[in-house]
Amino acid sequence: MSGKTILIVDDDTILSGLLQLTLELEGYQVETAPEGATALEMLKQQPFDLVILDIVMPKMDGIKFLRVLNDSGGRRPPIIIISSKADNVLTDQYRALGVVGIARKP
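The notes below deal with the structure included here. (Residues numbered from 1 in each chain as written. Predicted model: local features only at pLDDT ≥ 70, side-chain atom pairs only at ≥ 80, totals over all residues. Heavy atoms only, no water.)

### Quick notes on the overall build of the protein
Scanning the protein from terminus to terminus reveals 4 helices and 5 strands. The N-to-C order of helical and strand elements in the protein reads β-α-β-α-β-α-β-α-β. Taken against the 2.2 N^0.38 rule, which gives 13 Å for 106 residues, the C-alpha radius of gyration of the protein at 13 Å falls within 12% of a compact globule. Dimensions of the protein along its principal axes, counting C-alpha atoms only, are 35 × 35 × 25 Å. By residue count, 41% of the 106 residues in the protein fall in the buried class. Within the protein, contacts between residues separated by at least 24 positions form 57% of all contacts whose residues are at least 6 apart in sequence. Of the roughly 6,000 Å² of accessible surface on the protein, 55% is carried by carbon and sulfur atoms. One way to put it: in the protein the 11 positive side-chain charges average out to a point 5 Å from where the 14 negative ones average out. (Helix = DSSP H or I, 4+ residues; strand = E, 2+ residues; numbered from the N terminus. Rg over C-alpha atoms; globule rule 2.2 N^0.38 Å. Buried < 20%, exposed > 50% of the residue type's maximum accessible area, 1.4 Å probe, protein only. Contact = heavy atoms within 4.5 Å. Areas by Shrake-Rupley, 256 points an atom, 1.4 Å probe, with all protein chains shown as cover. Lys, Arg positive; Asp, Glu negative; His and termini not counted. Charge placed at Lys NZ, Arg CZ, Asp CG, Glu CD.)

### Notes on the nonpolar core
One finds Leu7, Val51, Leu53, Phe65, Leu66 and Ile79 to be the most contacted residues of the largest nonpolar core, which totals 22 residues. Elements that contribute at least two residues to this core include exactly strand 1 (5-9), helix 2 (36-45), strand 3 (50-54), helix 3 (62-72) and strand 4 (79-83). Setting aside residues up to four positions removed in sequence, Val51 forms contacts with Leu7, Val9, Leu43, Phe65, Pro77, Pro78, Ile79 and Ile80. One finds Ile8, Leu23, Val30 and Leu50 within the second-largest nonpolar core, a separate group that totals 7 residues. (Core = buried A, V, L, I, M, F, W, Y, C linked by side-chain atoms within 4.5 Å.)

### Looking at the sheet that holds strand 4
The sheet built from 5 strands is open, its strands ordered 2-1-3-4-5 with parallel pairing. At either margin of the open sheet sits one strand with a lone partner, and together these are strand 2 (29-33) and strand 5 (101-104). Pairwise comparison of adjacent strand axes, ignoring direction, gives a mean angle of 20° for this sheet. Here strand 1 pairs with strand 3 via 4 bridges, running parallel. Bridging from a neighbouring strand, Ile6 pairs with Leu50 of strand 3. Against the sheet, helix 3 touches strand 3 and strand 4, its axis set at about 145° to strand 3. (Pairing = 2+ DSSP bridges. Axes fitted to C-alpha atoms, helices over the stretch in contact; angles between N-to-C directions.)

Next up, the structure:
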């Protein structure tokens, strides 16, 4: 077991559940959050080695989450975006906000 912890932030419970199961089978410890504000609270409570983040979510979307996280000044894990909205303009915006990787949702 790797001991690495991953936080999945996505309001799509089916997709996040499948991703969680896949990562747990690979030996990762995985937590999920249904939206950005919940994820920010979880990051205050425990360190994560990676965040997998959806962009389109209710309440607090992924872009606002990134901005709040960047402004918090605390420890910031690497972030990978999973989104159906990943054109070149948005990809540049995500990278400017500190995202290390982008994967397209089907």
